[in-house]
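Descriptive analysis of the structure
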Amino acid sequence: ALRDRLYLEPAAVPAFLRRMRGAGLAPGMVLSTCDRTELALIDDGQAGLADRAIDLLAEQAGGAAAEVTAQAYRLRGDPALQHLFAVAGSLDSPVIGEPQILGQIKLAHRRAAEAGLVEGNLSAVLQAAYVAAKRIRSETTIAERPVSMAAAAVQLARNVHGDLSRCSALLLGSGEMGELMVEQ
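Residues numbered from 1 in each chain as written. Predicted model: local features only at pLDDT ≥ 70, side-chain atom pairs only at ≥ 80, totals over all residues. Heavy atoms only, no water.

1. So, the pattern of salt bridges
Here is the rule: Note on definitions: salt bridges are taken to be side-chain nitrogens of Lys or Arg within 4 Å of carboxyl oxygens of Asp or Glu. Strands are runs of DSSP state E lasting at least 2 residues, helices are runs of H or I lasting at least 4, and numbering of each runs from the N terminus. Partly exposed describes any residue whose relative accessible area lies between the buried limit of under 20% and the exposed limit of over 50%, with all areas from a 1.4 Å probe on protein chains only and scaled to the type maximum.
Following the criterion strictly, the structure yields 9 salt bridges and no others. The partner of D35 in a salt bridge is R3, and the shortest N-O contact between them spans 3.5 Å. Here D35, found in the loop between β1 (28-32) and β2 (37-41), pairs with R3, found in helix α1 (residues 2-6); they are 32 residues apart in sequence, far enough to count as distant. Exposure remark for D35: the relative accessible area of 27% places this residue in the partly exposed category. Residue classification places R3 among the partly exposed positions, given a relative accessible area of 46%. Residues participating in the shared-partner salt-bridge network are R3, D35, R36, E38 and D92.

2. A word on the packing of aromatic side chains
Just so we agree on the cut-off: The aromatic pairing rule takes the rings of Phe, Tyr and Trp, using the six-membered ring of Trp, and pairs them if the centres are within 6.5 Å, calling planes under 30 degrees apart stacked, those over 60 edge-to-face and the rest tilted. As a reminder, the over-ring test applies to NZ of lysine and CZ of arginine, requiring each to be within 6 Å of the ring centre and within 35 degrees of the ring normal.
Summed over the entire model, instances satisfying the criterion amount to 0 aromatic pairs. Sitting over the face of the ring of Y130, K106 holds its NZ or CZ atom 5.3 Å from the ring centroid.

3. Re the packing of helix α5 (residues 77-88) against helix α7 (residues 120-139)
A pair of packed helices can be characterised by two numbers: the angle between their axes and the separation between those axes. Test applied: To get an axis, fit a line to the C-alpha atoms, keeping to the stretch in contact for a helix; angles then go from 0 to 180 degrees between the N-to-C directions. Roughly parallel means an angle under 35 degrees; roughly antiparallel means over 145; roughly perpendicular covers 65 to 115; every other angle is labelled oblique. Working rule for handedness: look at the near helix, and if it is turned counterclockwise from the far one by less than a right angle, call the crossing left-handed; if clockwise, right-handed. By definition, residues are in contact when any of their heavy atoms lie within 4.5 Å. Residues are sorted three ways: Asp, Glu, Lys and Arg are charged, Ala, Val, Leu, Ile, Met, Phe, Trp, Tyr, Cys and Pro are nonpolar, and all the rest, Gly among them, are polar.
At a closest axis distance of 8 Å, the pairing of α5 and α7 adopts a crossing angle of 50°. As far as their axial angle goes, α7 and α5 are oblique. The chirality of how α5 crosses α7 is right-handed. In contact with L81, L84, F85 and A88 of α5, α7 contributes V125, L126, A128, A129, A132 and A133. Residues that form the contact of α5 with α7 fall into these classes: 10 nonpolar, no polar and no charged.

4. What about the nonpolar core?
For clarity, the cut-off: The definition of a nonpolar core used throughout is a set of buried Ala, Val, Leu, Ile, Met, Phe, Trp, Tyr and Cys residues joined through side-chain atoms within 4.5 Å.
Ranked by internal contacts, the top residues of the largest apolar core, which has 36 residues, are F16, L17, M20, M29, V30, I105 and L126. Among the elements that line this core, the one with the most residues is helix α3 (residues 49-61), at 7 residues. The residues contacting L126, other than those within four sequence positions of it, are M29, L84, I105 and H109.

5. With respect to the confidence of the model for the chain
The cut-off we apply is this: As a per-residue measure, pLDDT reflects the predictor's confidence and takes values from 0 up to 100.
Mean pLDDT over the chain works out to 89, with 89% of the residues at or above the 70 mark. The least confident element of the chain is helix α9 (residues 176-183), whose mean pLDDT is 64; the most confident is β1, at 98.

6. Things to note about the side chain of H83
By the element assignment, H83 lies in helix α5. Residue classification places H83 among the buried positions, given a relative accessible area of 16%.

7. Things to note about unusual backbone geometry
Here A26 and P27 are connected by a cis peptide whose omega angle stands at 0°. Mapped onto the secondary structure, P27 falls in the loop between α2 (13-22) and β1. A positive phi angle, close to 60°, is found at S90, a residue other than glycine. Note on placement: S90 falls in the loop between α5 and α6 (100-114).

8. With respect to the pairing of β1
What counts, and what does not: Pairing between strands is defined by DSSP: at least two bridges between the two strands are required.
For β1, the tally of buried residues reaches 5 of 5 residues, placing the bulk of the element in the interior. Where burial is concerned, the two faces of β1 agree: the one with G28, V30 and S32 and the one with M29 and L31 are both buried. Summarising the sheet, β1 and β2 pair through 5 bridges and their orientation is antiparallel. Bridge assignment links L31 to a residue of β2, and that residue is E38. Linking two consecutive strands that pair antiparallel, namely β1 and β2, is a turn of 4 residues.

And the structure:
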């Protein structure tokens, strides 16, 4: 339930980025998908940076900072870099290898840059994550077959029901994932 309340509709991202800037959370960016809402920040020794980030997320969720803190994790240094690289390389996804997350990170990067929140170290870290993601896809077997949440859902339906050509289904919801499922 908290993840749903933290989710930012694409139209809400610019206002959230302005609130990030106002809270002194720059350089930084927000990645908000159906599976995660994360802030990537460069900690240059600012006092209370993590607490301000939690407060902003709590405000977004309409809840208390303690609620967000109980469900959040804070990574610094190498663990933070490893996490960002794993997310960009689709190694930290419900469906390992799904390619959509890299595009979502690039969009989050572009939006944050347009808001004036990306500079120096954050830009360099993101560029390195893109290189790592490309290497993961080109130098491993992770991209040998099409992988997405939609493809996994359709394959599960096939495993349970067999040939789906004679089945009818009602798809509730909309957006990219729904469109991908229909195409499968």
